[in-house]
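Take a look at the letters that make up each chain.
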Amino acid sequence: MLIIFIALISLLLQFFLPWWIIAPVAFGLAFWRAASGKHAFWSGFLALFLLWAVMALFKTIPNENLLANRVGQMFGFPDWAFNWIIMLLITALVGALVSGFSALAGFYCREAFLPEPQERKAV
Amino acid sequence: MRYLKALGFTLIALILTVVLNTKFGDTPPLGKLLNPFRGFWQNAEPRHYDKENTLKIRGLKGTVSVAFDERMVPHIFANNDYDLYFAQGYITAKDRLWQMDFQTRFAAGRLSEVVGSKAIELDRYQRRMGMAYGAENMIKVIAEKYPEVGKITDAYADGVNAYINSLSPAEYPIEFKILDYKPEKWTSLNSALLLKLMSATLAGGSDEFYMSNILKKFGPDVTKNLFPDYPFREDPIIPKGTAWDFKPLEIPKAPDNPTSMQNSSIRTKQKVDGIGSNNWAVSGSKSASGYPLLENDPHLDLTLPAIWYQIQLNAPGVNVYGVSIPGSPCVIIGYNQKVAWGVTNVGSDVLDWYNIQFKDASHKEYFYDNKWNSVKQRIEHIAIRGGETVDDTVLYTHHGPVVYLDNKKPKKFSKAANVPTGHALRWIAHEGSPDVYTFHLLNRAKNYADYRKALTYYYAPAQNFAFASVDNYIAITPNGYFPLKWEGQGKFLLDGSKPENDWHGRIPAEQNPTVKNPPRGFISSANQSSTDQTYPYYLSWEFGSYNRGHRINKRLTVMNHATVDSIRSLQNDNYSILAEDILPTLLHAVNTEKLSATENEAFNLVKDWDKFYNADAIGASIFEIWQAKLGMEIWNDEFGGAVPMRMPSRDRTVELLLNEPNAKWYDNVNTPQKETRQDLVLHSFKFSVDSLQRKYGSIGKSWQWANVKHSHVPHLAKIAGFGSKTLMNGGSKSSVNALGETNGPSWRMIVALGKPNKGFGVFPGGESGNPGSFFYDNLIDTWTNGKLNELLFMNSKTDQSNHIKKRTTLTNN
């Protein structure tokens, strides 16, 4: 569930707000809902990996990857027809890492500041 | 431990986010650039687009219809001039906003705001040359004297701003995201800056610093001999023998000792010859249709987004098609249903340097006309990204700005190499002028008289305006503000304390050289001398070489029943007059017994070469390097030393090679033995073969001219991946098809006058400035192949045509 929360709220807010809003979103939701460090990190990571990858695909496929292949060359890759896949992976990874570490930070902040003796159920 | 983990991971997340949101040096902020909601993915345009849409735009007076053809060229239909220019601004910005913004910043000396302190010397230079000062003068003069021009540029600016205001950050052009900045409000001043930038590109060169150094080292006789005031071979724009039917003003008398002397120790590069343009028109008597044909191909440093933007503008009183400069209203080169026109650069001397004698180190007063005069200060505030604003004080005399004081010139900044320190700059680009009005009137011109009237508003950069009309007039006018000068004024640095060295007003606009319907049945220009030596006024001592012009005239002379195709074949002509002039002499001077096997093979290739710089010609590659090296070997020992000088022109080099086999210039003064012409010709030939061999292996396909020349179109900010691939083109700087490595025909146009007029054209790029658009570089292949597209000229907004692919309505409610 946490993964869906993070993905959905990140999706909605990014229509109005800058990209870095994904960090507080993952932090806050993990603070609220994460069951463990692992759970927090992978929920944040996968949510944004998928969200950014899908959104990028949504833009690049109708474009026949014309722009992503050019940007790949800007990043120093040769003039290949597959640059767009590299760019897609880099993009998804950037979002995933920010979200994953933010979620991890959210979970540990909760552990530090609101310690609860009983185990929480994973959501 | 708990707290430590919390703190640690929070810090990691925070640092990661901040780092990915920050620009480091030239590395863009990755999170901002890559995120698919606002980053570069948003600039990926789909191949399929809406066929019809309506945009609500506040500020329009009425409704504007825009039809887009299959090349996405907008055809704008408005009910009044305000809406017309508003829509031109809006639509142009939609395709080219970043290019407009970046070029304006470049012109104004404001790049440091975007790219940081690495651009500071460039910004300082642009400001010290008075670019912004000139643009401000233009705005001032327009406001005071030409309110009708102000209305045009203001309407255009309103349109650009309406587009900017409609943008969300996700919609910013990709380069804003890569360089991490935002578009800013557009003003008429920006349009003025772009026109000043054209002056800087086309009329901003100067050699007088070098020429004065040459005069000092070699004396007046040698200087006159090697740098004559009229070329050895010429085929002027206004045909030889054309009569001047006006009474000239009194020509100022040359003073006895006008020059100032100065030199310093900065090495410079040889001036690049061959950046120029062609235009010509043949009269109905020489065409198959009985109506004139006009062509134009302006050569510039090619870039993507394309330099030009095709557009059709229609409103009551005007219906015109052609290319515009993104950022400036009107069509600059084009045609309507009555007339067609095109421009090439004149290259007259409109930039002079005056030595300034200051009273003392405070630089508050300078000596002029036997008294001390006060210096005006203009303080330039240069904002720097990630740093503090730098204030730069520029001193202005009545001549213009003192670009660099003694010892204040930056050492490693090549743009400033030709600037003499302690000299004030008098430059036509500082003048306030209504140039835009010329194009506004040409767009609406119906006949020869309208053309002549339109030209009187044009100042700079001076252009050869070729003209043809459906009522069978052809004409050409080297036109602009030509200062009235004494013979040779400004060939060398001038003493700025004497009033007789100032410009003496201007040549009356109606006395600018011009010719109408000459007996030879055609007019043409290719940057060569404007006139023969009978023109009463002095324009300059040196123009572009006669090579292209001569080839054009030779072919037009024998051309009859001309069609669009015969004109197009001349546009793509790769023949080299330079090779025709000197190759036989060079070949004759080579002692083939001294050649190796490879050199012999190369010699035979160049001997059998047909002198066309075709893409597959190996002889062209050998000759090109050979003649360039030979020029260097002749002159570099005398003119390439520590004192900055330039070399004699190619024309003078040709004369030397043909007529002066025993000249002392062949000897390399740095060696004990005496070199002859034969030694240099042989040595430079061996050098050519050797350098090709080192770079391309043994003689074969890889030696072909297109491969050696390596033509391509780079991105305006040199972003990798955003430029073109290597283009396998022929052409050379001395051919009519003047395509070099990255400069060449930036727009090729042919207009077949008649009823109706038909236009054909192409440029190396596309209408869109977005590298993520299918219309970014879609015209390059057509251009590379030397073909043209038939242009869609609509008569009314209701015209139906298969070529119309999209219709947009702009409304104010």
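Residues numbered from 1 in each chain as written. Chains lettered and ligands numbered in written order. Predicted model: local features only at pLDDT ≥ 70, side-chain atom pairs only at ≥ 80, totals over all residues. Heavy atoms only, no water.

Colleague: Where do I start with the overall build of chain B in this structure?
Modeller: Counting secondary structure elements, chain B contains 21 helices and 26 strands. A compact globule built from 813 residues would reach a C-alpha radius of gyration of about 28 Å, and chain B, at 28 Å, matches this within 12%. If one aligns the C-alpha atoms of chain B with their principal axes, the spans along those axes are about 80 × 75 × 65 Å. Surface accessibility of chain B: about 31300 Å² in total, with carbon and sulfur atoms responsible for 51%. (Helix = DSSP H or I, 4+ residues; strand = E, 2+ residues; numbered from the N terminus. Rg over C-alpha atoms; globule rule 2.2 N^0.38 Å. Areas by Shrake-Rupley, 256 points an atom, 1.4 Å probe, with all protein chains shown as cover.)

Colleague: I would appreciate a short explanation of the overall build of chain A in the present structure.
Modeller: A count of helices and strands for chain A gives five helices and zero strands. Put simply, chain A runs from its N terminus to its C terminus through helices and strands in the order α-α-α-α-α. Taking the principal axes of the C-alpha coordinates as reference, chain A spans close to 55 × 25 × 20 Å. Across the 123 residues in chain A, those meeting the buried criterion constitute 49%. (Buried < 20%, exposed > 50% of the residue type's maximum accessible area, 1.4 Å probe, protein only.)

Colleague: Whenever I open this one, the interface of chain B and chain A confuses me. Can you help?
Modeller: Where interface size is quoted, it is often the accessible area lost as the parts come together. Counting residues at the interface gives 43 residues for chain B and 46 residues for chain A. Note on chain B versus chain A: buried area summed over both sides is about 3800 Å², and carbon and sulfur give 73% of it. Considering only the surface of chain B that becomes buried against chain A, Leu34, Phe37 and Trp41 of chain B emerge as the three largest contributors, covering 20% of it. At the junction of chain B with chain A, the criterion picks out three salt bridges. A salt bridge links Arg70 of chain A to Asp777 of chain B; its shortest N-O distance comes to 2.7 Å. Listing elements by their share of the side of chain B that touches chain A, those giving two or more residues are helix H1 (2–20), helix H2 (30–34) and helix H8 (174–179) of chain B. Take the side of chain B that touches chain A: its biggest share by element is 11 residues, from H1 of chain B. The residue makeup of the side of chain B that touches chain A, split by class, is 24 nonpolar, 11 polar and eight charged. (Contact = heavy atoms within 4.5 Å. Buried area = accessible area lost by both parts, 1.4 Å probe. Salt bridge = Lys/Arg side-chain N within 4 Å of Asp/Glu carboxyl O. Nonpolar A, V, L, I, M, F, W, Y, C, P; charged D, E, K, R; others polar.)

Colleague: Any chance you could explain the packing of helix H13 (residues 547–558) of chain B against helix H15 (residues 577–589) of chain B here in plain terms?
Modeller: For any two helices packed against each other, one specifies the crossing angle of their axes together with the interaxial distance. All names here are of chain B. Axis separation between H13 and H15 bottoms out at 8 Å; the angle between their running directions is 105°. The orientation of H13 with respect to H15, classified from their angle, is roughly perpendicular. Of the residues in H15, those in contact with Asn547, His550, Arg551 and Lys554 of H13 are Ile577, Leu578 and Glu580. Per-class residue counts for the contact of H13 with H15 are two nonpolar, two polar and three charged. (Axes fitted to C-alpha atoms, helices over the stretch in contact; angles between N-to-C directions. Parallel < 35°, antiparallel > 145°, perpendicular 65-115°, else oblique.)

Colleague: Honestly, the pairing of strand S3 (residues 74–77) of chain B in this entry has me stumped. Any pointers?
Modeller: A regular strand carries its side chains on alternate faces of the sheet. Residues and elements named next belong to chain B. In S3, alternate side chains face the same way, and those of Pro74 and Ile76 on one face and His75 and Phe77 on the other are all buried. In terms of strand pairing, strand S2 (residues 64–69) meets S3 through four bridges, oriented antiparallel. When the bridges of S3 are listed, Ser65 appears paired with Phe77. As paired strands, S3 and strand S6 (residues 309–315) are joined by three bridges and run parallel to one another. Bridge pairing in S6 links Phe77 to Asn314. (Pairing = 2+ DSSP bridges.)

Colleague: For this particular structure, what's the right way to read the nonpolar core?
Modeller: Considering soluble globular proteins, one finds that nonpolar side chains tend to be buried as a cluster. Residues and elements named next belong to chain B. Among the nonpolar cores identified, the biggest contains 225 residues, and Phe40, Ile76 and Trp308 are the most heavily contacted of them. In this structure, Trp308 is in contact with Arg96, Pro298, Leu300, Val323, Ser324, Ile325, Ile332, Ile333, Ser746, Trp747 and Phe763, ignoring residues within four places of it in sequence. By size, the runner-up hydrophobic cluster in this structure holds 52 residues, among which are Phe603, Leu682, Tyr696 and Ile699. (Core = buried A, V, L, I, M, F, W, Y, C linked by side-chain atoms within 4.5 Å.)

Colleague: I keep staring at the side chain of Ser688 of chain B and nothing clicks. Help me out?
Modeller: Mapped onto the fold, Ser688 of chain B is located in helix H19 (residues 677–696). In this structure, Ser688 of chain B is in contact with Ser621, Ile622, Ile625 and Trp626 of chain B, ignoring residues within four places of it in sequence.

Colleague: Even after reading the chapter, I still don't get empty space enclosed by the protein, so can you show me in this structure?
Modeller: A probe matching the size of a water molecule, rolled over the atoms, marks out where space remains unfilled. All names here are of chain B. Per the stated rule, a full pass over the model turns up seven cavities of 30 Å³ or more. Volume-wise, the largest cavity comes out at about 210 Å³. Looking at the largest cavity, it is lined by 18 residues, and the ones nearest its centre are Met198, Leu202, Trp308, Val343 and Gln463. Residues belonging to the lining of the largest cavity are distributed by class as follows: 13 nonpolar, five polar and no charged. (1 Å grid on protein atoms, 1.4 Å probe; cavity = no way out; pocket = protein on both sides within 12 Å on 5 of 7 lines; lining within 4 Å. Points joined across faces, edges and corners; volume = space filled by probe spheres on them.)

Colleague: Please clarify how the pattern of salt bridges should be interpreted in this entry.
Modeller: Pairing is possible between side chains of opposite charge, provided their charged atoms come close. Residue and element names in this part refer to chain B. In total, this model carries 38 salt bridges over all chains according to the counting rule given. Close ionic contact of Glu580 with Lys554 constitutes a salt bridge, the shortest N to O distance being 3.3 Å. Note that Glu580 is positioned in helix H15 and Lys554 in helix H13, a separation of 26 residues in sequence. Linking Glu660 and Arg652 is a salt bridge whose minimum nitrogen-to-oxygen distance equals 3.2 Å. Salt bridges linked by common partners bring Asp101, Arg105, Arg110, Glu113 and Glu184 together as one network.

Colleague: Is there a simple way to think about the packing of aromatic side chains in this case?
Modeller: The description of an aromatic ring pair uses the distance of the two centres, along with the angle that the planes make with each other. All names here are of chain B. Counting across every chain of the model gives 54 aromatic pairs over all chains. Centre to centre, the rings of Trp747 and Phe763 are 6.1 Å apart; their planes meet at 55°, and the pair counts as tilted. With Trp747 in the loop between strand S22 (743–745) and strand S23 (748–752) and Phe763 in the loop between strand S24 (758–762) and helix H21 (780–784), this residue pair connects regions lying 16 residues apart in the sequence. Accessibility assignment for this pair places Trp747 and Phe763 in one class, buried. (Phe/Tyr/Trp six-rings, centres within 6.5 Å; stacked < 30°, edge-to-face > 60°.)

Colleague: Explanation requested: the environment of Glu70 of chain B in the structure shown.
Modeller: Looking at the element boundaries, Glu70 of chain B is found in the loop between S2 and S3. A polar atom in the side chain of Glu70 of chain B sits 2.9 Å from the side chain of His803 of chain B. (Polar contact = N/O pair within 3.5 Å; in protein donor to acceptor, adjacent residues only side chain to side chain.)

Colleague: Would you mind going over the pairing of strand S16 (residues 423–427) of chain B with me for this structure?
Modeller: Residue and element names in this part refer to chain B. Within S16, five of the five residues are buried, leaving the element largely enclosed by the surrounding structure. Burial along S16 is two-sided: His423, Leu425 and Trp427 facing one way and Ala424 and Arg426 facing the other are all buried. Bridge analysis of strand S10 (residues 351–355) against S16 gives five bridges, and the strand direction is antiparallel. Bridge assignment links Trp353 to a residue of S16, and that residue is Leu425.

Colleague: I would appreciate a short explanation of the sheet that holds S3 of chain B in the present structure.
Modeller: Across a sheet, strands are paired by hydrogen bonds formed along the backbone, either parallel or antiparallel in direction. Residues and elements named next belong to chain B. The 11 strands lie next to each other as S1-S26-S2-S3-S6-S7-S8-S9-S17-S18-S20, forming an open sheet whose pairing is mixed. Both edges of this open sheet fall to strand S1 (52–56) and strand S20 (515–516), since each of them pairs with a single strand only. Helix H11 (residues 435–443) contacts S6, strand S7 (318–324), strand S9 (339–345) and strand S17 (463–469) of the sheet and is inclined by roughly 150° relative to S9. Where helix H12 (residues 448–455) meets the sheet, its contacts fall on S17, strand S18 (474–479) and S20, and the angle it forms with S18 comes to roughly 5°.

Colleague: Is there a simple way to think about the packing of H11 of chain B against H12 of chain B in this case?
Modeller: Residues and elements named next belong to chain B. Close contact between H11 and H12 brings their axes to 8 Å; oriented N to C, the two are set at 170°. By the angle between their axes, H11 is roughly antiparallel relative to H12. Residues Thr438, Leu441 and Leu442 of H11 form the contact with H12, whose participating residues are Tyr451, Lys453, Ala454 and Leu455.

Colleague: Just checking my understanding: could you explain a nonpolar patch on the surface for this structure?
Modeller: Nonpolar side chains collect at one region of the surface, where Leu7, Leu11, Ile15, Val19 and Phe24 of chain B lie side by side and expose about 470 Å² of accessible area between them. The residue Leu11 of chain B is located in helix H1 in this model. (Patch = residues over 30% accessible without salt bridge, like charges linked within 9 Å, V, L, I, M, F, W, Y side chains within 5 Å.)

Colleague: In this structure, what is going on with the environment of Glu599 of chain B? I would like to understand it.
Modeller: All names here are of chain B. Mapped onto the elements of the fold, Glu599 is located in helix H16 (residues 597–608). Considering only alpha carbons, one finds Glu599 and Ser688, 89 residues apart in sequence, at a separation of 9.4 Å. For Glu599, the contacting residues outside a window of four places in its chain are Lys594, Phe685, Lys686 and Val689.

Colleague: What exactly am I supposed to notice about the side chain of His712 of chain B here?
Modeller: Residue and element names in this part refer to chain B. Mapping His712 onto the fold places it in the loop between helix H20 (705–709) and S22. A polar atom in the side chain of His712 sits 3.1 Å from the backbone oxygen of His710. The residues touching His712, leaving out its near neighbours within four places in the chain, are Ser724, Lys725, Thr726, Leu727, Glu741 and Thr742.

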